Amino acid sequence: LEMVQEEVRERAKGSFLEGKPILAVSAYTGDGIAELKQALYTLVHVAAEKSVRVPFRLPVDRVFSVDGFGTVVTGTLIEGCINEGDAAELVPSGSETRIRNLQVHGSTVHTAYAGQRVAINLSNVKKKEIKRGCVLAPLNSMKNTDLLDVKLNVLDSSVRILTNHTRLHFFTGTSEVPVSYTHLRA
């Protein structure tokens, strides 16, 4: 265990995880579960609250149909709050929809807030029009782009060398997009 913890410390050097606590937990024996719960409880109480005064944004992680209800998407509401009856758009497709019903942890609610896991029943949109990685947002609140500027810090421990036009994967929300890395100096 000490060797694994030391390896984790080494791999975390230079990243935002450097110096963070390492908690050993066993799902089999239950060892460390209490410490993990306490650490999570502490983090929750020092975390900044999500703003509900910004437009809602929900990266879709699942989509399915329910007989008698239609299309349902699930995900974690990243920003804002969403209300039953709100008009919405699926990005990048641009499909317009309306929020028919909301559920948070299996309970029907009229409003869901940033940070909550939400199941949303959508009207006027088919399951086949939506996939993992789409984002549900207010109408005309987001724009598609093919270009993104990123500041990338490669860890000293990385064995990967980045050169112009290196193929990478960019993860945002629930989507994974293949990209080409081009290093430009100003």
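Structure: above.
Here we summarise the structure given alongside this text.

1. Considerations on the nonpolar core
Logical step 1: Within the largest apolar cluster, 19 residues are counted, with the highest numbers of intra-cluster contacts made by Ile82, Ile120, Leu122 and Leu136.
Logical step 2: Not counting residues up to four positions away in its chain, the partners in contact with isoleucine 120 are Leu58, Thr71, Val72, Val73, Ile82, Ile99, Asn101, Leu102 and Leu136.

2. Here's the deal with helix H2 (residues 33-46)
Logical step 1: Look at H2: 20 Å from first C-alpha to last across 14 residues, which is about the 20 Å you get at 1.5 Å a residue.
Logical step 2: With zero of 14 residues buried, H2 is to be regarded as a mostly surface element.

3. Observations regarding the pattern of salt bridges
Logical step 1: Inspection of every chain in the model, using the stated rule, returns five salt bridges.
Logical step 2: Across the salt bridge formed by arginine 57 and glutamate 79, the nearest N and O atoms sit 3.2 Å from each other. Taken together, the residues arginine 57 in the loop between H2 and strand S1 (58-59) and glutamate 79 in the loop between strand S3 (70-76) and strand S4 (81-83) connect sequence positions 22 residues apart.
Logical step 3: Note on arginine 57: relative accessible area 29%, which makes it partly exposed.
Logical step 4: Take glutamate 79: its relative accessible area is 31%, and that puts it in the partly exposed class.

About the thresholds
Residues numbered from 1 in each chain as written. Predicted model: local features only at pLDDT ≥ 70, side-chain atom pairs only at ≥ 80, totals over all residues. Heavy atoms only, no water. Core = buried A, V, L, I, M, F, W, Y, C linked by side-chain atoms within 4.5 Å. Buried < 20%, exposed > 50% of the residue type's maximum accessible area, 1.4 Å probe, protein only. Contact = heavy atoms within 4.5 Å. Helix = DSSP H or I, 4+ residues; strand = E, 2+ residues; numbered from the N terminus. Expected span 1.5 Å × (residues − 1). Salt bridge = Lys/Arg side-chain N within 4 Å of Asp/Glu carboxyl O.

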